Amino acid sequence: MNIAVVYGGTSCERDVSIITGIQALGMLDKFRYEVYPVLIGADGGMGMPENAQSIRTYIGEKPPAGAPVYFEKGALCVKGRLKSKRIRIDCALLCTHGGTGENGALQGFFEMCSIPYTSPGVEPSAICMNKITSKSIFLGLGANVLPAAKVQRGGEKETINYAKKCGYPVIVKPARQGSSIGIDVAKNDVELLAALSVAFEFDEFAIIERALENFTEINCACVKSRGEIIVSSLERPVCWKEFLTFEDKYLSGGKSGGGKINASAREFPAKIPQDKEEYIKRTSYNVYKELGMKGVVRFDYLIDNDGGEVYLNEANTIPGSLANYLFTDKGIDGNRLMDIIIEEAVAEGVDKGGKFSSDVLRAFGAAGCEACGTFSANACKIGARHI
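What comes next is a walk through the structure. Here the structure is a predicted model, which means the values were calculated and not measured. (Residues numbered from 1 in each chain as written. Predicted model: local features only at pLDDT ≥ 70, side-chain atom pairs only at ≥ 80, totals over all residues. Heavy atoms only, no water.)

The subject of this paragraph is the environment of Asp333. Summarising the element assignment, Asp333 is placed in the loop between strand S17 (310-316) and helix H10 (334-348). Taking the C-alpha atoms as reference points, Asp333 and Met27, 306 residues apart in sequence, are found 8.9 Å from one another. (Helix = DSSP H or I, 4+ residues; strand = E, 2+ residues; numbered from the N terminus.)

The next point concerns the sheet that holds strand S8 (residues 148-152). Pairing within the open sheet is antiparallel, and its four strands lie in the order S8-S11-S9-S10. The sheet is open, and its two borders are formed by S8 and strand S10 (184-186), each paired with just one other strand. Within the sheet, the average angular offset between the axes of one strand and its neighbour, ignoring direction, is 30 degrees. Two strands pair when backbone bridges link them, and S8 and strand S11 (residues 205-210) are joined in this way by five bridges, in the antiparallel orientation. Bridge pairing in S11 links Ala148 to Glu209. The sheet contacts of helix H7 (residues 189-199) involve S8, strand S9 (170-174), S10 and S11, and relative to S9 the element is tilted by about 15 degrees. (Pairing = 2+ DSSP bridges. Axes fitted to C-alpha atoms, helices over the stretch in contact; angles between N-to-C directions. Contact = heavy atoms within 4.5 Å.)

This structure, assessed with the given rule, holds 16 salt bridges. Lys294 is the salt-bridge partner of Glu348, the closest N and O atoms lying 4.0 Å from each other. In this pair, Glu348 sits in helix H10 while Lys294 sits in the loop between helix H9 (274-290) and strand S16 (297-304), placing the two residues 54 residues apart along the sequence. What makes Lys294 buried here is its relative accessible area of 3%. (Salt bridge = Lys/Arg side-chain N within 4 Å of Asp/Glu carboxyl O. Buried < 20%, exposed > 50% of the residue type's maximum accessible area, 1.4 Å probe, protein only.)

Function cannot be read off these values alone, since they describe shape.
Spelled out as structure tokens, the structure:
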């Protein structure tokens with residue numbers, strides 16, 4: 001089976017995506033799969049890098065892309081000096097985080113190429129990338145979410161009024177960004193304006209919501225295997241800050257800790273009351289099922305330690321490290337997880353419906369000019385008048 005591991009991209013999460021891609025390359029069974037690493041460059045171009053599993057390959061301002069490649073219907077094409085080599089691809093294993101790699105655009109591209117892929121489809125990917133839209137959808141599916149307001153660049157005055165109404169502190173986030181990039185907590189008007197200016201560097205829209213001051217963050221993942229949804233055990237990242245920063249997650253042993261999980265930075269399985277554990281697992285299952293997801297999706301929750309409420313914060317449709325560490329206690333290691341998401345993607349395929357044909361073009365053609373093919377008398381190339 002030929003597998004294209006797709007990683008990199010143009011988003012702010014490019015470096016994290018490269019780490020996930022390297023991890024995926026290492027977890028794939030080389031006896032079962034013929035693996036083709038495909039790096040999406042910062043300019044959007046694609047290449048097949050040499051020494052793809054070495055992190056040193058990618059360090060620098062312009063990581064080498066290797067042999068230029070592109071996808072077409074059912075295949076990966078490697079550009080040569082004289083001609084391109086065409087390789088049939090059975091599945092694209094997506095390790096792209098943020099931006100067009102996770103918002104449904106890349107997913108739509110692979111559907112157009114008739115290549116199965118391992119992440120959720122276009123619609124759930126687009127929904128979950130947008131923090132504003134996803135809150136509404138999650139609420140409609142019965143999940144508890146923190147109230148929030150959307151603000152567009154230029155609407156700072158209305159945002160200050162909202163912050164005063166709900167009460168400081170508030171948290172400000174770019175509407176379509178991940179890995180805690182551009183996120184900050186504001187305790188007054190001055191800090192709010194500063195936080196908005198940062199958020200607007202990454203998105204035209206931002207989201208503002210009440211910041212919980214005494215909370216516990218909990219992560220839960222779902223994956224579909226042979227049509228059945230598997231819900232992971234719960235994880236509690238350990239951090240004493242107001243929220244997990246990019247550095248917490250990737251530079252100091254947080255969720256992926258630079259490619260390695262630091263056991264001291266997480267509690268797994270998380271020790272929380274049984275009723276809250278059941279709520280989180282049930283909600284994750286329901287959202288995953290109702291949105292028709294596939295692949296690994298990590299759901300992030302906040303437990304208000306003062307009020308006791310549990311809030312669904314966001315859903316990551318291509319989580320860092322593909323959240324492989326959340327399934328280990330279920331006997332699913334990284335190698336098995338790769339098998340599961342590939343098998344499910346191939347089984348589901350990309351054919352979304354039946355075929356349809358009509359006689360519309362033939363009917364228009366019959367009413368047009370037999371000589372030039374146009375159906376407008378004024379547009380006839382030979383100047384003849386006909387009806």
